[in-house]
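# Reading the structure
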Amino acid sequence: MRNKNLNLFIVAFAVITIIASLVKDNPTTDLFGYEVDSWFVRILWLLIGLVSYKRYKDKKEEEAN
């Protein structure tokens, strides 16, 4: 159950991070000390959020069975 809640937290954090980056509207962002395009970082957070949501959904279904 703990991991299921962690996955849900990661999804929420990814959504908040994407929204915050859209509000700032900077053309570049620092990622591990490198300047990269903001859209690359947004897509990366979107993928992290989608994977975490899928894991959350799978664990929820597994718990129901």
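Treat the numbers as computed from the prediction; the structure is a model and nothing was measured. Within each chain, residue numbers correspond to sequence positions counted from 1 in written order. Predicted model: local features are reported for residues with pLDDT of at least 70 only, side-chain atom pairs are reported and counted for 80 or more only, and whole-chain, interface and lining totals are derived from all residues. Note that the side-chain values use all heavy atoms of the structure and ignore hydrogens as well as water.

## Section: the environment of Val51
Among the secondary structure elements, Val51 is positioned in helix α2 (residues 38-64). Between the C-alpha atom of Val51 and that of Phe9, which follows or precedes it by 42 residues, the distance is 12 Å. To qualify as a helix, a DSSP run of H or I must reach at least 4 residues; to qualify as a strand, a run of E must reach at least 2; elements of each kind are numbered from the N terminus.

## Section: the pattern of salt bridges
One side chain can pair with another of opposite charge once the charged atoms of both are near each other. Any carboxyl oxygen of Asp or Glu that lies within 4 Å of a side-chain nitrogen of Lys or Arg is treated as forming a salt bridge with it. Tallied over the entire structure, the rule returns two salt bridges. Residue Lys4 is joined to Glu63 by a salt bridge in which the shortest nitrogen-to-oxygen separation is 3.1 Å. With Lys4 in helix α1 (residues 2-24) and Glu63 in helix α2, this pair connects stretches of sequence that are 59 residues apart. Across the pair Lys54 and Asp58 runs a salt bridge, and its minimum N-O distance is 3.0 Å. In this pair, Lys54 and Asp58 both sit in helix α2, four residues apart, roughly one turn of the helix.

## Let's talk about the pairing of strand β2 (residues 34-37)
Here the rule is simple: two strands pair whenever DSSP picks up at least two bridges between them. Both strand β1 (residues 28-31) and β2 contribute to a ladder of four bridges, which runs antiparallel. By the bridge assignment for β2, Leu31 is matched with Tyr34. The hairpin turn running from β1 into β2, its antiparallel successor, is two residues long, and Phe32 in that turn takes a positive phi close to 55 degrees.

## As for the confidence of the model for the chain
For the chain, per-residue confidence averages 90 on the pLDDT scale, and 97% of positions sit at 70 or higher. In the model of the chain, β1 stands out as the element of lowest mean pLDDT, 86, in contrast to α2, which has the highest, 93. Residue-level confidence of the predictor is what pLDDT reports, using numbers from 0 through 100.

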